[in-house]
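Each chain, letter by letter, is given below.
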Amino acid sequence: MISREDVEHVAALARLGLTDDEIDLMQGQLNRILEAVGQLQAVDTSSVGPTAQVIALENVMRDDVARPSMAREAALGNAPQREGPMLRVPVILEEGR
Amino acid sequence: MAVDALPVADRTITEVGALLRSREVSSRELTEACLARIDRDAERLNTFLAVGRERALGAADAADSALAAGDAADRPLLGIPYALKDIFVTRGLDDAGQPDGGLPTTAGSRILEGYLSPYAGSAEERLTAAGAVLIGKTNCDEFAMGSSNENSAYGPVHNPWDESTVPGGSSGGSSAGVAAGEMYFALGTDTGGSIRQPASLSGVVGMKPTYGRVSRYGMVAFASSLDQCGPFTRSVRDCAAVLGAIAGHDPRDSTSVEMSVPDYLAALTGEIRGLRLGVPREYFVTGMEPGVEAAVRDAIKVLERLGAEIVEVSLPSTDSGLATYYIIAPAEASANLARYDGVKYGLSAGEDELLDNYLNTRGAGFGAEVKRRIMLGTYALSAGYYDAYYVKAQQVRTLIKAEFDAVLADVDALIAPTSPSVAFKIGAKTQDPLLMYLNDACTLPVNIAGLPGISVPCGLSDGLPVGLQVIGRAFDEATVLRVADAYERAAGFDQLRPPTAHD
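None of the values given here were measured: they were computed from a predicted structure.

Undergrad: Give a description of the overall build of chain A that names residues and reports values.
TA: Secondary structure summary: chain A contains 3 helices and 2 strands in total. Along chain A, from the amino end to the carboxyl end, the secondary structure elements read α-α-α-β-β. Whereas a compact globule of 97 residues would reach a radius of gyration of roughly 13 Å, chain A reaches 23 Å, over 25% beyond that. Of all 97 residues assigned to chain A, the portion counted as buried reaches 16%.

Undergrad: Give a description of the overall build of chain B that names residues and reports values.
TA: Summing up its helical and strand segments, chain B has 15 helices and 11 strands in all. Taken over C-alpha atoms, the radius of gyration comes to 21 Å for chain B, in line with the 23 Å a tight globule of 503 residues would show. Principal-axis analysis of the C-alpha atoms gives chain B an extent of 65 × 55 × 45 Å. When the 503 residues of chain B are sorted by exposure, 63% land in the buried category. Across chain B, the fraction of contacts at a sequence separation of at least 24, relative to all contacts at a separation of at least 6, is 76%.

Undergrad: Describe the interface of chain A and chain B, and please don't skip the residues or the numbers.
TA: Interfaces are often sized by the amount of accessible area the parts lose when they come together. Listed as interface residues are 44 residues of chain A and, on the opposing side, 60 residues of chain B. Those elements that provide at least two residues to the side of chain A that touches chain B are helix H1 (4-13), helix H2 (20-37) and helix H3 (72-75) of chain A. If one sorts the elements of the side of chain A that touches chain B by residue count, H2(A) sits on top with 7 residues.

Undergrad: Lay out helix H5 (residues 172-179) of chain B with the relevant residues and their values.
TA: An α-helix turns once every 3.6 residues. As a result, residues three or four positions apart point the same way. All names here are of chain B. Taking burial as the measure, the 8 residues of H5 include 8 buried ones, the bulk of the element. Listed as buried for H5 are Gly172, Gly173, Ser174, Ser175, Ala176, Gly177, Val178 and Ala179. Just downstream of H5 lies Gly181, where phi reads positive at about 75 degrees.

Undergrad: Run through the sheet that holds strand S8 (residues 309-313) of chain B, naming residues and quoting values.
TA: Residues and elements named next belong to chain B. Overall, mixed pairing links the 11 strands, which are arranged S1-S3-S2-S4-S6-S5-S10-S11-S9-S7-S8 in an open sheet. Each edge of the sheet is formed by a strand with only one pairing partner; in this case those strands are strand S1 (48-51) and S8. Shown here is a sheet whose adjacent strand axes are inclined to one another by a mean of 30 degrees, direction ignored. Together, S1, strand S2 (81-85) and strand S3 (133-138) form the strand contacts of helix H2 (residues 27-45), whose direction differs from that of S3 by roughly 15 degrees. Running over the sheet, helix H7 (residues 236-246) touches strand S4 (185-189), strand S5 (205-208), strand S6 (229-233) and strand S10 (453-461) and is turned about 145 degrees from S6.

Undergrad: Outline the packing of H2(A) against helix H9 (residues 321-336) of chain B, supporting the account with residue identities and numerical values.
TA: Running from N to C, H2(A) and H9(B) point in directions that differ by 125 degrees, and their axes come no closer than 8 Å. Taken together, the axes of H2(A) and H9(B) are oblique relative to one another. Here H2(A) contributes A:Ile33, A:Ala36 and A:Val37 to the contact with H9(B), which in turn contributes B:Ala323, B:Tyr326 and B:Ile327. Its residues placed into classes, the contact of H2(A) with H9(B) shows 6 nonpolar, no polar and no charged.

Undergrad: Tell me about the nonpolar core, and name the residues and values.
TA: Core analysis: the biggest nonpolar cluster contains 170 residues, and B:Tyr82, B:Val133, B:Ile135, B:Phe185, B:Ile327, B:Met375 and B:Val470 have the highest contact counts within it. The element best represented in this core is H9(B), accounting for 9 residues. If we skip the residues at most four places from it in the chain, B:Ile327 touches A:Val37, B:Ala380, B:Tyr389, B:Tyr390 and B:Ala393.

Undergrad: So what's going on with the confidence of the model for chain B? Residues and values would help.
TA: Confidence in the prediction for chain B averages 96 pLDDT; 98% of positions are at 70 or higher. On the interface metric, ipTM, the complex scores 0.95, and its pTM is 0.97.

Undergrad: Would you mind going over the environment of B:Asp74 in detail, with residue names and values included?
TA: Residues and elements named next belong to chain B. Relative to the helices and strands, Asp74 is located in the loop between helix H3 (53-68) and S2. Of the residues examined, Asp74 has 8 C-beta atoms within 10 Å and is grouped as exposed. Separated by 51 residues in the primary sequence, Asp74 and Glu125 have C-alpha atoms spaced 18 Å apart.

Undergrad: Outline the packing of H2(A) against helix H11 (residues 368-381) of chain B, listing residues and values.
TA: The contact between H2(A) and H11(B) brings their axes to 11 Å, and the two run at 55 degrees. As the angle between them shows, H2(A) and H11(B) are arranged oblique. Classified by chirality, the crossing of H11(B) by H2(A) is right-handed. Along its contact with H2(A), which presents A:Met26, A:Gln29, A:Leu30 and A:Ile33, the element H11(B) presents B:Arg372, B:Met375, B:Leu376 and B:Tyr379.

Undergrad: Run through unusual backbone geometry, naming residues and quoting values.
TA: The omega angle of the peptide bond from B:Gly169 to B:Ser170 is 10 degrees, so this bond is cis rather than trans. As for its position among the elements, B:Ser170 is in the loop between S3 and H5.

Undergrad: Talk me through the pairing of S2(B); I want residue IDs and the actual numbers.
TA: All names here are of chain B. The buried fraction of S2 amounts to 5 of the 5 residues, a majority that puts the element mostly inside the structure. As for the winding sense of the linkage, the β-α-β connection from S2 through helix H4 (residues 122-129) to S3 is right-handed. Taken together, the 3 bridges between S2 and S4 define a ladder with parallel strand orientation. Bridging across to S4, Leu84 finds its partner in Leu187.

Undergrad: I'd like a description of the environment of B:Lys344, backed by residues and values.
TA: Mapped onto the elements of the fold, B:Lys344 is located in the loop between H9 and helix H10 (354-365). Here the alpha-carbon distance between B:Lys344 and B:Phe493, two residues 149 residues apart in the chain, equals 48 Å. The residues touching B:Lys344, leaving out its near neighbours within four places in the chain, are A:Ala79 and A:Leu87.

Reading guide: rules and limits
- Residues numbered from 1 in each chain as written.
- Chains lettered and ligands numbered in written order.
- Predicted model: local features only at pLDDT ≥ 70, side-chain atom pairs only at ≥ 80, totals over all residues.
- Helix = DSSP H or I, 4+ residues; strand = E, 2+ residues; numbered from the N terminus.
- Rg over C-alpha atoms; globule rule 2.2 N^0.38 Å.
- Buried ≥ 20, exposed ≤ 12 C-beta atoms within 10 Å, placed from the backbone.
- Contact = placed C-beta atoms within 7 Å.
- Pairing = 2+ DSSP bridges.
- Axes fitted to C-alpha atoms, helices over the stretch in contact; angles between N-to-C directions.
- Parallel < 35°, antiparallel > 145°, perpendicular 65-115°, else oblique.
- Nonpolar A, V, L, I, M, F, W, Y, C, P; charged D, E, K, R; others polar.
- Core = buried A, V, L, I, M, F, W, Y, C linked by C-beta atoms within 7 Å.
- pLDDT = per-residue confidence, 0-100.
- Left-handed = near helix turned anticlockwise from the far one by under 90°.
- Right-handed = clockwise from strand over helix to strand, strands pointing away.

Okay, structure coming up:
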């Protein structure tokens, strides 16, 4: 069973702001879903490797040559806040912190 | 009702394509017929999130010019109006960062409300090159997470067969719109059944190609090892034509496979004598509606009468599919959706503190199902639970795939129901996520194994459509289409149209 604190911890990991009502609802629903998916513990996988993806492709490379990229103004066109040719973000490092 | 009697908007690509080539109808007329349907049904069905009227008419006129110049050889989609699920980005910004008249892309989410993509995805590019006419973007469950289209931030889609029921999901706007004559084909995305299940519930053809067959470049990501894009159409022949236009390697999607694309239309021989078709007994699950089982059993008899050899097979790990999927898909989703940070694009809470900005942007921008899956996936990937949930699910994935591989070494394709039920009432399953997840019990193992699958109408139960699922070997879409087409020709359910379709 996951607790209310577990829900809050996972929400913090996921950077997801939840209301108190959402946390209550989520706790009940996650417990029911986790109980259902817990049936996998009964499957014998002792001699089975994991499958991350199903096609036999790995390390697809391309030649390391310069080519045109997206125009800067197009890339910035949806920015919620910008300053000149840059995205504006809240302060991360600040003196005295 | 005979095809000749159907209004032009309700016909197939094959039929109106012939009329375009003989100049009996113009692409502009087809586009106007679709736009009239969209206008008529906008409030009733809520299939579209954006309609690009002027651009569509312009593309139709260009197609008409090409047709007049005799430029139509090997271009079965030239002049055909279509729609894209609003999971596919369509270019909406020019190089100066200004709106260029293209359609917005929302993924059915508030967090992307008003988003204008600075680039075109593979789907828009290839279909534009094929001469098809983009008419709009269809409603869908938020980030393609759902089985009923009730998780869209922009309201549910109504099933044209019965407006009090869901069209299926997550590609519900695409399936309902094709059923209602709003476009001749649409693209959807299928991560656990999101093309096949709504096709089944809406009474149209829907195909998920093999993982790697069609580029995912420009598809808003949900679960990257499961997502695949594919067509909704009114016939299997139309499906083959659309698949031929979108399939093939794309260097911008490193999981798209460098493999030649066969002529899918040439595969539709109508001949299935001698093919071995497996019926997996685990797909006739408890809780399946009797009317659905009856329609699927009847369809199997039709295939037998056509000369296919029907053999019962077993896929014993089928009942682990749901649990495997609901660990892997949310885990991948929780990573993919980390990009919605309120900084680069989309909704931003505008907080002064970075952490507050993350929390409040994502808390306000995502709906309940998306939050649930992000939470589930984050939990399954978190320290202490990673091996018990995520690695375990990946191991069971190996078992599920190995069982499919073994069975498909012995049979040419598998026959199963697409969904255990017909369309259900709007609101009937929204309070219980697990009940909703069961809708995909017959489709999601196919995504887990990466195989191609199609849903083709196989009759009605209580007046609502039932879908037959054909599942094939990896990259053998040709056999899947051949079986579905032979069935469709013999059964004649490609003539099914919702009662409201006729003007």
